Structure formats: structure tokens, C-alpha cells
Amino acid sequence: SNSSVQAFKRSGVTTPLYLLPHGVTLSSPSTAFDFLESIKMPKLLFFCAREAFRKGLDLVERLAQQQKEWFFIVKALPKENQPAHITSDNILLINLWLSSHDLASLYKNVDILLSPQRGGAFELNCIEALAYGLPVAATRFGCVLDYLTDQNACLFNIETFSTTDNSNPHYGSWATADLNDA
């Protein structure tokens, strides 16, 4: 993303960097997540790959506590990378590898993709959701601004902005979404 290229340059990287075009391949949905149709409340899908804080899992958990009439689906990585604990009864944790057809089923059976990320390199799930016709709600910050706009997504404002020191593996800028705006 443009955001990643700029972050690398600000960090002192002198190696030439290039943006590569990226797209998604759509698959026909399986029936794996058709059971979600029976849940008669808004269903928000959130991806938590690797770093839970950077992806905004704490913000999703706070929203789940505040909005009991919403149902949150957290798609995490298997075992070693899954969130430590999910305590809300309106959160479903899926920590399995999904085929492209099962992932398409997940996108088909939810109402909104939620991405309150504090920073990232590309956030593939946001562009996949758009490709499947799923509305996206994301933090107005960073890499997603390469392809999310006020015309194709709900972008929520930033509550706080900070930078990390170079001892952090994700050195750079961070933005925390304003949950009231979300």
C-alpha cells in the first residue's frame, strides 16, 4: 500500500520500493455458514490475524459489550495465533482455516465487515469484502485509504494517534478508532 511504502521510507529504508497491483479471486460460497441466517441481529465480521491489538480486537470486544443487539464473528488464525480469550456471548470465534468457498460463505452470511485496525500493510479482508459486495466499516487511517473512500465504505474517525519506537516490530504510526463514531 502507499501507506506502507511511506512508512518504510520514513523509517530510513533506502532500498527502492514499488507498489504491486493486487486483486482478489472470488469463489462460489459453500453452505458452511448458512446457519448464520438464523441469527436475527446485525452480524459483523472481524478478522484477527496475528496481532490482536494492531487489528483492534480490544475495540471489537468493547463494541460487543456495548452493543448486545449485534452479533460479532471473529475470524482468527488457528491455535497459536488465536485471541487469548473471548468473553462476550454475542461473539462467535472461528479459528479454523477456511477454504475459499467457506470464506465466500462467511462473507455471504454476514451484514458488515468491521475493521477497526490501528495499522496494517494491506488489510486484504477489506478489499475482499468489497469484491463480494459486503459493506465495510473501517478506521479512517493507513493502508485501507488506498481503496476505501467515503463513497464505498463507512470510515470512522480516529480517537487517538500515536507512534511506536523502533523496538516495536510494527514500528510506525498507530491510530485508534473512535468507538462513538463507529
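Right above here is the structure, for reference.
A full pass over the atoms with the stated rule returns six salt bridges. Between Asp-89 and Lys-68 there is a salt bridge; the shortest N-O distance is 3.5 Å. Of the two residues, Asp-89 sits in the loop between strand 2 (71-76) and strand 3 (91-94) while Lys-68 sits in the loop between helix 3 (57-66) and strand 2, which places them 21 residues apart along the sequence. Relative accessible area serves as the criterion here: at 41%, Lys-68 is assigned to the partly exposed category.

Let us look at the environment of Val-144. In this fold, Val-144 is placed in the loop between strand 5 (136-139) and strand 6 (154-156). A residue is classified by how much of its surface remains accessible, and Val-144, at 0% relative accessible area, is buried. Separated by 88 residues in sequence, Val-144 and Gly-56 place their C-alpha atoms 14 Å apart. Excluding residues that lie within four positions of it along the chain, Val-144 makes contacts with Gln-117, Glu-123, Cys-126 and Thr-139.

Here Asn-125 shows up in helix 5 (residues 124-131). Looking at Asn-125, the relative accessible area reads 13%, which means it is buried. When residues no more than four places from it in sequence are discounted, the contact partners of Asn-125 are Phe-47, Tyr-107 and Leu-113.

A word on empty space enclosed by the protein. Evaluated as defined, the whole model comprises one cavity of 30 Å³ or more. Estimates place the volume of the largest cavity at around 40 Å³. Lining the largest cavity are Phe-46, Phe-47, Lys-55, Leu-114, Ser-115, Glu-123 and Asn-125. Contributions of two or more residues to the lining of the largest cavity are made by strand 1 (43-48) and strand 4 (112-115). Class assignment for the residues of the lining of the largest cavity results in three nonpolar, two polar and two charged.

Sheet architecture is open: six strands sit in the order 3-2-1-4-5-6, paired in parallel fashion. Two strands bound the open sheet, and with one partner strand each, they are strand 3 and strand 6. Along the sheet, successive strands turn relative to each other by an average axial angle of 20°, direction set aside. As paired elements, strand 5 and strand 6 share three bridges and run parallel to each other. Following the sheet pairing, Ala-137 is matched in strand 6 by Cys-154. Where helix 3 meets the sheet, it contacts strand 1, strand 2, strand 3 and strand 4, and its direction lies at approximately 160° from that of strand 2.

Relative to the helices and strands, Thr-176 resides in strand 8 (residues 173-177). According to the relative accessible area criterion, Thr-176 is buried, its value standing at 14%. Excluding residues within four positions of it along the chain, Thr-176 makes contact with Leu-59, Arg-118, Ile-158, Glu-159 and Thr-160.

Another point: the state of the cysteines. Inspection of every chain in the model, using the stated rule, returns zero disulfides. Here Cys-48 stays unpaired: no disulfide links it, and the sulfur of Cys-126, its closest cysteine neighbor, is 13 Å away. Classification of Cys-48 as buried rests on a relative accessible area of 1%. Residue Cys-126 is classed as buried on the basis of its relative accessible area of 0%.

Criteria and cut-off values
Residues numbered from 1 in each chain as written. Predicted model: local features only at pLDDT ≥ 70, side-chain atom pairs only at ≥ 80, totals over all residues. Heavy atoms only, no water. Salt bridge = Lys/Arg side-chain N within 4 Å of Asp/Glu carboxyl O. Helix = DSSP H or I, 4+ residues; strand = E, 2+ residues; numbered from the N terminus. Buried < 20%, exposed > 50% of the residue type's maximum accessible area, 1.4 Å probe, protein only. Contact = heavy atoms within 4.5 Å. 1 Å grid on protein atoms, 1.4 Å probe; cavity = no way out; pocket = protein on both sides within 12 Å on 5 of 7 lines; lining within 4 Å. Points joined across faces, edges and corners; volume = space filled by probe spheres on them. Nonpolar A, V, L, I, M, F, W, Y, C, P; charged D, E, K, R; others polar. Pairing = 2+ DSSP bridges. Axes fitted to C-alpha atoms, helices over the stretch in contact; angles between N-to-C directions. Disulfide = S-S within 2.5 Å.

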